Amino acid sequence: MSHPMPTFGTFALLLALCLAAYTLFAGSFALFAMSKGMQLRISAERLSETARRAGIASFVAVLCAAFALVWAAFTNDFSVEYIREHTNIALNPMYKFSALWSGQEGSLLLWSFLLAAYGFVLRLRHKTDVRLFAYASTILAAPQIFFLALLNFAAEPFSLTKGPIPADGNGLNPLLQYVEMVIHPPMLYLGYVGFTVPFAFALGALMMRYPGEKWIRITRRWTLVTWLFLTVGIALGMHWAYAVLGWGGYWGWDPVENASFLPWLTATAFLHSVMMQEKRGMMKKWNVWLIFLTFMLTILGTDLTRSGLVSSVHAFAQSSIGNWFTTFLCIIFAVCLFVFFRQSSHLTSEHKLESVVSRESSFLFNNLVLLVACFTVLFGTLFPVLSEYVQGSKVTMGPPFFNRVAVPIGLFLLVLTGVGPLLAWRATSLRSIRRNFILPCVTVLGTAVILMATGMHPWSASKDDLEGQLYALVCFSIGTGVMVAIAAEFLRGANVVRTQTGKSLTAAVWTLTMRNNRRYGGYIVHFGIVILFIGLAGSAFNQQHEMEMGFGDSLTIGNYKLVCQSYTQDSNPNYDTDFALLDVFRGDKKIGQMSPERRFYNASQTTSTIVAIHSTVLRDLYVIFEGRNPDTNKPIIKVFLNPLVSWIWAGVAIVFAGTVLALLPGLRAQLSNKSTPAEPRELVAAGGD
């Protein structure tokens, strides 16, 4: 027992695998016995309960394994190969913790841990609906077995270092030594892994021909939570790319970025179309497949990230586990297909589409556009693999392909974001269209005229910039119209509240929002999406400039001027740094200093860029230390002026707030209970869907 902690971790993973296997097989047998009315030596209910408890115990076992790996990192136990490869003694403790997900084996352990944690929560809530949760718990054990089998037999995190144990490790990849990498991967994985739970509920409900729509409400809440995690995770990844990679942008259509975007698109489609099933009993088959597809895309995304199937700046861990994932994906698809065709008669719609001009049709268009976007991004991402298979050489789809397709699709979605809430269920009358659409349409046209009158002239841009600036003009105009449409929805409802209660406008908006937090939380999410789109459109006006800057040299970009005050070097036990100190002027006024760096990490013998960013509401001043001219020894400074980037982060924050509001349970019911008898029916109607 010379290595107690690795042995402990290995044993914990093996135990977790055994417990998950018991959960699957005992749970399946118990459910089969219950459906057939079989008499067992112990009752099927008790057998199912033992399976549930085994699932809970598997969480404890995986938790122990994760603890063992973190312990090994903090104690510099380089007898563990994974710790030797991804840490070193001088590494900041914060990054020693994040080393848990910096490599292949650790990230798969994180997947397993989060999946076990979701299963732990699900299994504790089994009294909500014992049989449905038993199905979901049993199905959830299958992906647990897959990932635990990977950890036990293909990507072992506790493998021992071969030969003499080194005095120090190789260190963490410099790109990962950034504070957001402590948060971004777990947040992204919480989203990725979380979609396993809606999948388990959907498949379980279909297998048991679950009556009614209760399961879909449970699934919607789980999906919304995981969608929120994924949204925040993607946004943190964008910010990390912006601040660390040093190319002046935040989204490059990298395969791993795309992999996280794909399930986000299908989950967004599901969150819209699920309302059709809840309110009108429609799109049942569609919704089931959206959940199935979302889960399968998370497995595919993990495969892309971890197997090295496609080249990516984000693929920090690569190996030959792709065959495992391909096999698992085929099994999932086969099971979904089999269960769907066997039980599809249970998914008959209760109503049909009555009018093209209705909220149902807007949801349908929304879903179609999101799926077109998903399959386009998927095609572009996998095209190098397909081309290699067909032609023998990889042909990569670059950002121009994705932008040419994604931007028009995004603008169409932006239109639907504003149009959908203005349409009525079943059919929209001509009077309603006139009442709801005139103001937003006038706003769109008015905004376009004002922007052009104040100097936005795409037609005078260069050939390369023409398309982007034209799209930006359209985006700004439509975005403003959508914001007006959303504001009008709030005001329309609030005026009803004011009329009936005499409350102030602010109090009326608050009452209205709290009375139907799901609906108005959704409007706030849409508002955040509009803000985000406007921020993205700002990239059409990016500027950049690069020059060698010695002491006293200045560089001008936009209305900013940078003056080099010094450039020097420094070092600490982890890295050596080379940086410049630049005074920043806006007009004639000095507004601060910026200090872009270039670091050389001793353990890994690699370099990394630390970007300096001065951010305002309207634009970011983004400065990179490119290195030194070997002939003059002067630093080469590259500067970007990026408009409206802060709108992207603000939009994500608003989306977060709106989603949390929509998730809050029971606000409507609580407020209804507190409603005085004097509150009339119109007030309730103002807050209704």
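Everything discussed here concerns the structure shown above.
All figures in this text were calculated on a predicted structure; none of them were measured in a lab. (Residues numbered from 1 in each chain as written. Predicted model: local features only at pLDDT ≥ 70, side-chain atom pairs only at ≥ 80, totals over all residues. Heavy atoms only, no water.)

(A) Seen up close, the overall build of the protein chain. Scanning the protein chain for helices and strands turns up 21 helices and ten strands. Computed over C-alpha atoms, the radius of gyration of the protein chain comes to 28 Å, within 12% of the 26 Å expected from 2.2 N^0.38 for 689 residues, which places it in the range of a compact globule. Summarising its shape, the C-alpha atoms of the protein chain cover approximately 85 × 75 × 55 Å along the three principal directions. Every one of the 689 residues in the protein chain was classed for burial, and the buried ones make up 55%. Long-range pairs, those at least 24 residues apart, make up 72% of the contacts in the protein chain between residues at least 6 apart in sequence. As presented, the protein chain carries roughly 30,100 Å² of accessible surface, and 64% of it is formed by carbon and sulfur atoms. A gap of 16 Å separates the mean positions of the 51 positive and 38 negative side-chain charges of the protein chain. (Helix = DSSP H or I, 4+ residues; strand = E, 2+ residues; numbered from the N terminus. Rg over C-alpha atoms; globule rule 2.2 N^0.38 Å. Buried < 20%, exposed > 50% of the residue type's maximum accessible area, 1.4 Å probe, protein only. Contact = heavy atoms within 4.5 Å. Areas by Shrake-Rupley, 256 points an atom, 1.4 Å probe, with all protein chains shown as cover. Lys, Arg positive; Asp, Glu negative; His and termini not counted. Charge placed at Lys NZ, Arg CZ, Asp CG, Glu CD.)

(B) The packing of aromatic side chains, seen in detail. For the structure on display, the rule yields 36 aromatic pairs. Cluster of aromatic residues (ring-pair linked, three or more members): Phe199, Trp289, Phe292, Phe295, Phe333, Phe340 and Phe341. (Phe/Tyr/Trp six-rings, centres within 6.5 Å; stacked < 30°, edge-to-face > 60°.)

(C) Examining the pairing of strand S9 (residues 619–628) more closely. In terms of residue burial, S9 counts as a mostly covered element, since eight of its ten residues are buried. As paired elements, strand S8 (residues 612–615) and S9 share four bridges and run antiparallel to each other. Bridging across to S9, Ala612 finds its partner in Val623. Here S8 folds back onto S9 in antiparallel fashion, the turn holding three residues. Alignment of S9 against strand S10 (residues 635–643), held across nine bridges, turns out to be antiparallel. (Pairing = 2+ DSSP bridges.)

(D) Seen up close, a nonpolar patch on the surface. Judged by side-chain polarity, Leu353, Val356, Val357, Leu364, Phe365 and Leu368 come together as a nonpolar surface patch covering roughly 480 Å² of accessible area. Residue position: Val356 is located in the loop between helix H12 (322–343) and helix H13 (359–391). (Patch = residues over 30% accessible without salt bridge, like charges linked within 9 Å, V, L, I, M, F, W, Y side chains within 5 Å. Salt bridge = Lys/Arg side-chain N within 4 Å of Asp/Glu carboxyl O.)

(E) Focus on the pattern of salt bridges. This structure, assessed with the given rule, holds 14 salt bridges. Lys214 is paired through a salt bridge with Asp129; the nearest N and O atoms lie 3.9 Å apart. Taken together, the positions of Lys214 in helix H9 (residues 214–245) and Asp129 in the loop between helix H5 (104–124) and helix H6 (130–153) put the pair 85 residues apart, joining distant regions of the chain. Given a relative accessible area of 33%, Lys214 falls into the partly exposed group. The partner of Asp578 in a salt bridge is Arg628, with the nearest N and O atoms 2.7 Å apart. In this pair, Asp578 is assigned in strand S4 (residues 575–586) and Arg628 in strand S9, connecting sequence segments 50 residues apart. Across the pair, exposure class does not vary: Asp578 and Arg628 are buried alike. One continuous salt-bridge network, built from bridges that share partners, spans Arg280, Glu354, Glu360 and Arg426.

(F) Quick look at the side chain of Thr609. Mapped onto the secondary structure, Thr609 falls in strand S7 (residues 606–610). For Thr609, the side chain forms a polar contact with the side chain of Arg598, separated by 3.2 Å. Residues within four places of Thr609 in sequence aside, it is in contact with Val244, Glu597, Arg598, Ile624 and Phe625. (Polar contact = N/O pair within 3.5 Å; in protein donor to acceptor, adjacent residues only side chain to side chain.)

(G) Geometry of the sheet that holds S10. Spatially, S1-S10-S9-S8 is the arrangement adopted by the four strands of the open sheet, whose pairing is antiparallel. Lying at the two open borders of the sheet, with one neighbouring strand each, are strand S1 (543–548) and S8. The sheet shows a mean angle of 15° between the axes of neighbouring strands, taken without regard to direction. (Axes fitted to C-alpha atoms, helices over the stretch in contact; angles between N-to-C directions.)

(H) Representation of the environment of Gly246. Along the polypeptide, Gly246 turns up in the loop between H9 and helix H10 (255–280). Placed 364 residues apart in sequence, Gly246 and Ile610 show a C-alpha to C-alpha distance of 7.5 Å. Excluding residues that lie within four positions of it along the chain, Gly246 makes contacts with Ala241, Val611, Tyr622 and Ile624.

(I) Fine view of the side chain of Ser362. The topology assignment puts Ser362 in helix H13. Since its relative accessible area comes to 6%, Ser362 is described here as buried. At a separation of 2.8 Å, a polar atom in the side chain of Ser362 contacts the main-chain carbonyl oxygen of Arg359. Apart from the residues lying within four places of it in its own chain, the contact partners of Ser362 are Gly420 and Leu423.

(J) A look at the environment of Val530. For Val530, the position within the fold is in helix H18 (residues 517–537). For the pair Val530 and Val482, spaced 48 residues apart in sequence, the C-alpha separation works out to 7.5 Å. Residues contacting Val530, with those up to four places away along its chain left out, are Leu414, Gly479, Val482 and Met483.

(K) Broad picture of the packing of helix H15 (residues 430–453) against helix H16 (residues 463–501). Remark: H15 packs on H16, axes separated minimally by 8 Å, with the N-to-C direction vectors making an angle of 145°. For the pair H15 and H16, the crossing hand works out as right-handed. Each of Arg435, Asn436, Leu439, Pro440, Thr443, Val444, Thr447, Ala448, Leu451 and Met452 in H15 lies in contact with H16, whose residues at this interface are Leu473, Phe476, Ser477, Ile478, Thr480, Gly481, Val484, Ala485 and Arg492. Considered class by class, the residues forming the contact of H15 with H16 number eleven nonpolar, six polar and two charged. (Left-handed = near helix turned anticlockwise from the far one by under 90°. Nonpolar A, V, L, I, M, F, W, Y, C, P; charged D, E, K, R; others polar.)

(L) Main features of unusual backbone geometry. Phi is positive for Arg209, which is not a glycine, with a value near 50°. Turning to its location among the elements, Arg209 is positioned in the loop between helix H8 (196–207) and H9. For Arg209, a relative accessible area of 35% gives the class partly exposed. The residue Trp253 is not glycine, and still its phi comes out positive at about 55°. Within the secondary structure, Trp253 sits in the loop between H9 and H10.

(M) View of the packing of H5 against H9. Interhelical geometry of H5 versus H9 gives an angle of 155° and a closest axis separation of 14 Å. One finds that H5 runs roughly antiparallel with respect to H9. In the crossing of H5 with H9, the sense of the turn from one axis to the other is right-handed. On H9, the residues touching Tyr118, Val121 and Leu122 of H5 are Trp222, Thr226 and Phe229. Residues that form the contact of H5 with H9 fall into these classes: five nonpolar, one polar and no charged. (Parallel < 35°, antiparallel > 145°, perpendicular 65-115°, else oblique.)

(N) Expanded view of the nonpolar core. Leu109, Phe199, Phe201, Trp215, Trp227, Phe292 and Ile299 are the most contacted members of the largest nonpolar core, which has 158 residues in total. The contacts of Trp227, once residues within four sequence positions are left out, are Phe195, Trp264, Ala267, Thr268, Leu271, Val525, Val655 and Thr659. (Core = buried A, V, L, I, M, F, W, Y, C linked by side-chain atoms within 4.5 Å.)

(O) Geometry of the pairing of S10. Counting buried positions over the nine residues of S10 gives eight, a clear majority of the element. Sheet analysis places S1 next to S10, joined by six bridges and oriented antiparallel. Within S10, the position partnered with Glu546 by the bridge is Lys638. Hairpin connection, S9 to S10: the antiparallel pair is bridged by six residues, and Asn633 has positive phi, about 65°.

Interpretation note: all reported values are geometric properties and have no functional meaning in isolation.
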